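Survey of secondary and tertiary structure
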Amino acid sequence: MKRTILCVSLLALSLTACKNDAKSNDEATAEERTEQTKEANTEDLPLAFNSDEQYQIARLYLDLKDKLVQEDSYGAKKIAEIMMKKFSDEEKKNTAEEIANNEDNIENQRNAFFQLSQMLEPTFAETITGGKLYQQHCPMAFDGKGAFWFSTEEEIMNPYFGDKMLHCGKVEGIIK
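Presented here is an overview of the structure given in this document. (Residues numbered from 1 in each chain as written. Predicted model: local features only at pLDDT ≥ 70, side-chain atom pairs only at ≥ 80, totals over all residues. Heavy atoms only, no water.)

1. Digging into the environment of Asp89
Going by this rule: Here a helix means four or more residues in a row that DSSP labels H or I, a strand means two or more in a row labelled E, and each is numbered from the N terminus. Each polar contact in these results corresponds to two N or O atoms within 3.5 Å; when the atoms are within protein, one needs to be able to donate a hydrogen and the other to accept it, and residues that are neighboring in sequence are counted only if both atoms are side-chain atoms.
Here Asp89 is to be found in the loop between α3 (73-86) and α4 (90-100). Of note is the side chain of Asp89, whose polar atom sits 3.1 Å from the backbone nitrogen of Glu91. There is a polar contact of 2.9 Å between the side chain of Asp89 and the backbone nitrogen of Lys92.

Below, the structure written as C-alpha cells:
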C-alpha cells in the first residue's frame, strides 16, 4: 500500500513538473511571438526616425526623388535649397547645393542625387525607428554602372530616367 501511494505521489509530481516545463516553453514562445509582432508592427508604422531633423531630411530626400521621377528640375532645385539649410555636414550640403545650382541640367542633378543617396544610406539605416525604406536599384543608370535610391513605396519609380524608363529597377533591400 505504501508503495502504491509512493508511486502515485511520484507520478503526480512528474506530471506537475512536466506541466510546469510546458508552461515555461509556452511563455518563451509567447515572448518570441510578442517580439516578432513588435518588429512587424514597427514596419507598419509611418516613417519615423530618432529625431525630427532626421525625419525632415528623409522627407525632403523622398520629395527630391519624386521631383526627379517627374523630371521637374525646378522642383528639385527648390527642395535641394531647403536641404542645404538642414545639413550640418559640409559634403552633404555641397551635394545639395550642386542639385540646386543645376536646374538647367537634370542629368547633373540626378548624378548629385545618387551621391546624396550614398551619403544618406548609413544615416537612414542607423536612425530609422518606424516604417520602412525600400532600397531600389537601376542597373542601367549612368551608362550601365547602376545606381540606387530609397523609396517608401515598393513600386519602382526611377528617378534616374523618369518617363524614359520609369519602372526600370528592382528592390534590393529594405531598411526597417
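2. Some points on the nonpolar core
Heads up, the rule is: We call a set of buried residues a nonpolar core when its members are Ala, Val, Leu, Ile, Met, Phe, Trp, Tyr or Cys and they connect through side-chain atoms within 4.5 Å of each other. Think of it in three bands: with a 1.4 Å probe and only protein chains considered, a residue is buried below 20% of the maximum accessible area for its type, exposed above 50%, and partly exposed in between. By the convention used here, residues are in contact when the closest approach between their heavy atoms is within 4.5 Å.
By size, the foremost hydrophobic cluster in this structure holds 37 residues, and its most contacted members are Tyr61, Leu64, Met83, Phe124 and Leu133. Dropping the residues within four chain positions of it, Leu133 is found in contact with Leu47, Phe49, Leu62, Phe124, Ile128, Phe150, Ser151, Thr152, Gly173, Ile174 and Ile175.

3. As for the pattern of salt bridges
Stated formally: The term salt bridge refers to a pairing of a side-chain nitrogen on Lys or Arg with a carboxyl oxygen on Asp or Glu at a separation within 4 Å.
Summed over the entire model, instances satisfying the criterion amount to seven salt bridges. Two residues, Asp66 and Lys65, come together in a salt bridge whose shortest N-O distance is 2.7 Å. When salt bridges with common partners are traced through the structure, they connect Lys77, Lys78, Glu81 and Glu103 into a single cluster.

4. Details of α4
Basically, it comes down to this: Throughout, the arc means that of the directions going from the helix axis to the C-beta atoms.
Considered for burial, the residues of α4 that qualify are Lys92, Thr95, Ala96, Ile99 and Ala100. Looking straight down α4, one finds its buried side chains confined to an arc of 145°; they lie on one side. Among the structural elements, α2 (52-69), α3 and α5 (106-127) are those in contact with the buried residues of α4. If you check the start of α4, you find a side-chain oxygen 3.1 Å away from the backbone N of Glu91, and it comes from Asp89.

5. Section: the packing of aromatic side chains
By convention here, two paired aromatic rings are described through the distance between centres and the angle between planes. Threshold: Any two of the Phe, Tyr and Trp rings considered here, Trp counted by its six-membered ring, make a pair once their centres fall within 6.5 Å; the pair's planes then place it as stacked at under 30 degrees, edge-to-face at over 60, or tilted in between.
Per the counting criterion, the structure on display carries 12 aromatic pairs. With centroids separated by 5.9 Å and ring planes inclined at 45°, the aromatic side chains of Phe49 and Phe124 adopt a geometry described as tilted. Note that Phe49 is positioned in strand β1 (residues 48-49) and Phe124 in helix α5, a separation of 75 residues in sequence. Across the pair, exposure class does not vary: Phe49 and Phe124 are buried alike. Centre to centre, the rings of Phe124 and Phe150 are 5.4 Å apart; their planes meet at 85°, and the pair counts as edge-to-face. Here Phe150 lies in strand β4 (residues 147-151) and Phe124 lies in helix α5, a separation of 26 residues in the sequence. One aromatic cluster is present, built from ring pairs that chain together Phe49, Tyr61, Phe113, Phe114, Phe124, Phe142, Phe148, Trp149, Phe150 and Tyr160.

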